[in-house]
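An overview of the molecular structure
Residues per chain are reported as follows:
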Amino acid sequence: MTDPVSVSFAATDLDAIATAKGTVVVLADEEGRTGPVGRRVNKLTRGALNRLTESEGFAKVKTGQTRTIAMPVGMEAETLVVLRLPKKATQDEARRAGGALAATLGTGGLTLCADKARRAGDIAFGLMLRAYAFDARKTEKADAKGAVTVMVADPDAAEAAFAAPRALAESVFFTRDLVNEPANVLTTTEFADRLLAMKDLGLKVEVLEEADMEKLGMNALLAVGMASVMPSKVVVMQWNGGGDEAPLALIGKGVVFDTGGISLKPAGGMEEMTMDMGGAGVVAGTMRALALRKAKANVVGLVGLVENTVAGNAQRPGDVVTTMKGDTVEVINTDAEGRMVLCDVMWYAQDRFKPAGMIDLATLTGAMIIALGHEHAGIFSNDDAFCGALLKAAGTEGEGAWRMPLGDKYAEQLKSRIADCKNVGGRPAGSITAAEFLKRFVKDDTPWCHIDIAGVALKSGDSPLSPKGATGWGVLTLDRLVADGYEKG
Ligand code: BES
Ligand code: MN
Ligand code: ZN
């Protein structure tokens, strides 16, 4: 697994600043004030710091932006960085500011002189998230980053408060690694093995094999994976940190590669479909976070792991399959496979766990990208309060999410001549009809949210808190939802 950079907290020591190696970071507030740390650094550098912070150009440096002095005189550091951050910075501003610092972290390490500034932990957390790099499949690895030391007034308190962010960063990286891995490495078997390894963290992990799924009648899921030489699997992860209350259920689409099947996708860009297990990746990362920080809640995560590919025994357009629920589905398009996987896993989850709420995550539709681009995931729900809590959690964590509508009129697009429903509803409102398909498999009394993460799971450019590639969108949101709504005390 890709390890986060090492972060530790130390008591502010003005004398140690002169000999700190690598990068030294000084904070400047909205007025350009740098406090006692700044006074010491200014003295060491014979006035260079104040020349910078009092310069005309520095007035234009915005919140979260940096200015750099290279090889500062009077210090052993290679780089002196001034980071602009208002005294009352929000969590999001502090994290993004930390993200900006990641570019200044080299092999020599980094000392962040936060002293009495609030949000030192948020800055460090943002730095950690943005410093992620996936080089597991490169023979030439980048030079290892040095350690990050955060100088604060109360290092013990800061260290204690950083336990949860540290667990979260590791979990986000777990998700990003899964999403970034190519499909020849992350087979369904390898995926299941990585989840089984989480037993060591205290999670209960089981794998349903094809024979088990046949007995359960998960024919929609099995039909998707039929043509693959990789065995289809459902992995069930349970975290029982609460009492005897019903769990929250998280369901993830885990299509390790989506060729489209017989309804084959065009060649251009098809390689991106290694990320089609993104929903399963987020569920796995969230379960990891809950276990690492020993959350006082009951949560069960289920992922459907399949490869959607072509062979003589592949399912064809026009086939009719019987789902675990019993509804028959006419497969108009074999490329609408995610919903076929989810419907059986969702039914199984409700049947077995009678969850208090259910959230499914999936890179479900290209239409979601057309609707919301790469800034917001689309949320669909049958329960305003549940949806509101989820949106609030996403807002707190700075992960974009936007509610989309459902409605019977949309469901009508799924009417089939020969079966109970079709698996696609035509081009109009493609993400909504996909959600309506899933809704058929939600029991009446189950509060449910569907999150279409097709646009946010992977990005082609850098983001404030992640480099291009897998983002891990959703791990922070779901962890926050659990922390705020399901944990006791
Ligand atoms: N995995 C894709 C959706 C997708 C597209 C995710 C682009 C991320 C980026 C999904 O299985 C799919 O192929 N959906 C089809 C549905 C259509 C056949 C109704 C789509 O969006 O074209
Ligand atoms: Mn598809
Ligand atoms: Zn897909």
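Residues numbered from 1 in each chain as written. Chains lettered and ligands numbered in written order. Predicted model: local features only at pLDDT ≥ 70, side-chain atom pairs only at ≥ 80, totals over all residues. Heavy atoms only, no water.

1. A word on the environment of glutamate 271
Along the chain, glutamate 271 falls in the loop between strand S9 (248-258) and helix H11 (278-292). When its relative accessible area of 54% is taken as the criterion, glutamate 271 is described as exposed. Placed 159 residues apart in sequence, glutamate 271 and leucine 112 show a C-alpha to C-alpha distance of 40 Å. (Helix = DSSP H or I, 4+ residues; strand = E, 2+ residues; numbered from the N terminus. Buried < 20%, exposed > 50% of the residue type's maximum accessible area, 1.4 Å probe, protein only.)

2. Let's talk about the sheet that holds strand S7 (residues 204-208)
With respect to topology, eight strands assemble into an open sheet ordered S7-S8-S10-S9-S13-S17-S14-S15, the strand pairing being mixed. Strand pairing shows two members of the sheet lacking a second neighbour, S7 and strand S15 (401-403), which therefore form its edges. Adjacent strand axes in the sheet meet at a mean angle of 20 degrees when their direction is disregarded. For S7 and strand S8 (residues 233-240), the ladder comprises five bridges, and the chain directions are antiparallel. Counterpart to leucine 208 in the pairing with S8 is valine 234. (Pairing = 2+ DSSP bridges. Axes fitted to C-alpha atoms, helices over the stretch in contact; angles between N-to-C directions.)

3. Observations regarding the site of ligand 1
Around ligand 1 sit 17 residues, and of these Lys265, Asp276, Asp335, Glu337 and Gly366 come closest. Lysine 253 has a polar side-chain atom sitting 3.2 Å from an oxygen atom of ligand 1. Bound to the protein, ligand 1 loses 79% of the 510 Å² it would expose on its own. More than half of the atoms of ligand 1 fall within 2 Å of the grid points belonging to the largest pocket. Broken down by secondary-structure element, the contributors of at least two residues to the shell around ligand 1 are S9 and helix H13 (366-372). Classifying every residue of the shell around ligand 1 gives six nonpolar, four polar and seven charged. (Near = heavy atom within 4 Å. Polar contact = N/O pair within 3.5 Å; in protein donor to acceptor, adjacent residues only side chain to side chain. Areas by Shrake-Rupley, 256 points an atom, 1.4 Å probe, with all protein chains shown as cover. 1 Å grid on protein atoms, 1.4 Å probe; cavity = no way out; pocket = protein on both sides within 12 Å on 5 of 7 lines; lining within 4 Å. Sits in = over half its atoms within 2 Å of the grid points. Nonpolar A, V, L, I, M, F, W, Y, C, P; charged D, E, K, R; others polar.)

4. Some thoughts on the coordination of the zinc ion (ligand 3)
Around the zinc ion (ligand 3), the protein contributes the donor atoms Lys253 (NZ), Asp258 (OD), Asp276 (OD) and Glu337 (OE), at 2.0 to 2.4 Å from the metal centre. In this structure, the zinc ion (ligand 3) is coordinated by six donor atoms arranged in octahedral fashion, with angles at the metal of 78 to 174 degrees. If you look at the zinc ion (ligand 3) and the manganese ion (ligand 2), they sit 3.1 Å from each other and are both ligated by aspartate 258. Overall, the relative accessible area of 1% leaves lysine 253 in the buried class. (Donors = N, O, S within 2.8 Å, 3.2 Å for Na, K, Ca; no water. Tetrahedral: all angles 85-135°; square planar, octahedral: opposite > 155°, others 65-115°.)

5. Description of empty space enclosed by the protein
Inspection of every chain in the model, using the stated rule, returns one cavity of 30 Å³ or more. Around the largest cavity sit Ala223, Val224, Ala227, Gly261, Ile262, Asn308, Thr309, Ala314, Gln315 and Thr334, which together line it. Taken together, the residues of the lining of the largest cavity break down into five nonpolar, five polar and no charged. (Points joined across faces, edges and corners; volume = space filled by probe spheres on them.)

6. Topic: the coordination of the manganese ion (ligand 2)
Only Asp258 (OD), Asp335 (O), Asp335 (OD) and Glu337 (OE) from the protein coordinate the manganese ion (ligand 2), and they sit 2.1 to 2.2 Å from it. In this structure, the manganese ion (ligand 2) is coordinated by six donor atoms arranged in irregular fashion, with angles at the metal of 70 to 167 degrees. Read N to C, the donor residues that coordinate the manganese ion (ligand 2) are spaced as D-x76-D-x1-E. On the basis of relative accessibility, which here comes to 3%, the residue aspartate 258 falls in the buried class.

7. Observations concerning the layout of surface pockets
Looking at the largest pocket, its volume works out to about 900 Å³. Residue lining of the largest pocket: 32 residues in total, with Lys265, Leu364, Thr365, Gly366 and Ala367 positioned closest to the centre. The set of elements that each furnish at least two residues to the lining of the largest pocket consists of S9, H13, helix H16 (430-439) and strand S18 (458-459). Broken down by element, the lining of the largest pocket gets its largest block of residues, four residues, from H13. Residues belonging to the lining of the largest pocket are distributed by class as follows: 11 nonpolar, 11 polar and 10 charged. Each pocket or cavity is described by its volume, and for the second largest pocket that value is around 640 Å³.

8. Things to note about the nonpolar core
Core analysis: the largest hydrophobic core is formed by 95 residues, its most contacted members being Val150, Leu195 and Ile359. Per-element tally for this core: the top contributor is H11, with eight residues. In terms of domain composition, this core takes at least three residues from each of domain 1 (7-161) and domain 2 (166-485). Val234, Ile251, Val341 and Tyr348 belong to the second largest nonpolar core, which has 41 residues in total. (Core = buried A, V, L, I, M, F, W, Y, C linked by side-chain atoms within 4.5 Å. Domains from an automatic or database assignment.)

9. Focus: the environment of leucine 221
Mapped onto the secondary structure, leucine 221 falls in helix H10 (residues 219-225). With 83 residues separating them in the primary sequence, leucine 221 and glycine 304 have C-alpha atoms 7.7 Å apart.

10. Regarding the pairing of S8
Where a strand is regular, its side chains alternate between the two sheet faces. Most of S8 is tucked away: seven of the eight residues are buried. In terms of strand pairing, S8 meets strand S10 (residues 298-308) through eight bridges, oriented antiparallel. Bridge pairing in S10 places methionine 237 opposite glycine 301.

11. Re the packing of aromatic side chains
Inspection of the entire model under this criterion finds three aromatic pairs. Ring plane angle 70 degrees and centroid distance 4.7 Å describe the contact between tyrosine 132 and phenylalanine 173, whose orientation is recorded as edge-to-face. Here tyrosine 132 is found in the loop between helix H5 (120-130) and strand S6 (148-152), whereas its partner phenylalanine 173 is found in helix H7 (residues 163-180), with 41 residues between them in sequence. Comparing tyrosine 132 with phenylalanine 173, the two get one shared label, buried. Directly above the aromatic system of phenylalanine 174 lies the positively charged group of arginine 288, at a separation of 4.4 Å from the ring centroid. (Phe/Tyr/Trp six-rings, centres within 6.5 Å; stacked < 30°, edge-to-face > 60°. Lys NZ or Arg CZ within 6 Å of the ring centre and 35° of its normal.)

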